[in-house]
Structure formats: C-alpha cells, structure tokens
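Examining the three-dimensional arrangement
Given next are the chains, with one letter for each unit.
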Amino acid sequence: MDCTKMLTTIEVEIDREGRVRPVDPKGRLPAGRALLTLLAPLSDETALLAAPALADDWLKREEDAAWADLRLDR
C-alpha cells in the first residue's frame, strides 16, 4: 500500500436502494476502493430538545457582544 497518496473526503448521499451519489452535482466518485462512515441523521426529537438549551445561550447579551464584529449591518 502506497501511504504517500493523499486521502480525499467526498460528501455523499445514499438513497433507499443503497446507491451512493456525491452531494456536489459536479463531483464524480473516482474508481477505486473507499471506506464509508455512516453519519446518524439528527432526529427531529433531538433537534427539538436541543433548541431551548441553545436559545438560552443565543439570547444572552454576552453572545451579542461576542459576535458584534461579524455583523454585516454595521
């Protein structure tokens, strides 16, 4: 095995039939072998449970001050 070659990460979607397609419509999957890491989708329940906890931080004045220099309307 040649360890001098760079590894490449390509974001893909897998349909219900198991077909793998690149997310980037211009991207092509190169011929060869690959390792596939399945990412668990974020469930709606997880997102709903996390929202109030995240909102507590997002709505703090300290957060506004911390991100103020990134505002586009300044």
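Just so you know, these numbers come straight off a predicted model, no measurement behind them. (Residues numbered from 1 in each chain as written. Predicted model: local features only at pLDDT ≥ 70, side-chain atom pairs only at ≥ 80, totals over all residues. Heavy atoms only, no water.)

1. Side note on the overall build of the chain
Secondary structure assignment for the chain yields 2 helices and 2 strands. When the helices and strands of the chain are placed in sequence order, the string is β-β-α-α. Surface summary for the chain: the accessible area is close to 8100 Å², and the carbon and sulfur share equals 58%. (Helix = DSSP H or I, 4+ residues; strand = E, 2+ residues; numbered from the N terminus. Areas by Shrake-Rupley, 256 points an atom, 1.4 Å probe, with all protein chains shown as cover.)

2. Notes on the confidence of the model for the chain
Mean pLDDT over the chain: 77, with 82% of residues reaching 70 or higher. Least confident of the elements in the chain is helix α1 (residues 44–58), whose mean pLDDT is 75; most confident is strand β2 (residues 20–22), at 86. (pLDDT = per-residue confidence, 0-100.)

3. Considerations on the pattern of salt bridges
Tallied over the full model, the rule gives 3 salt bridges. Here E17 and R19 are joined by a salt bridge, their closest N and O atoms 3.1 Å apart. Among the residues examined, E17 registers a relative accessible area of 58% and is labelled exposed. Each of D15, E17, R19 and R21 takes part in one network of salt bridges that share partners. (Salt bridge = Lys/Arg side-chain N within 4 Å of Asp/Glu carboxyl O. Buried < 20%, exposed > 50% of the residue type's maximum accessible area, 1.4 Å probe, protein only.)

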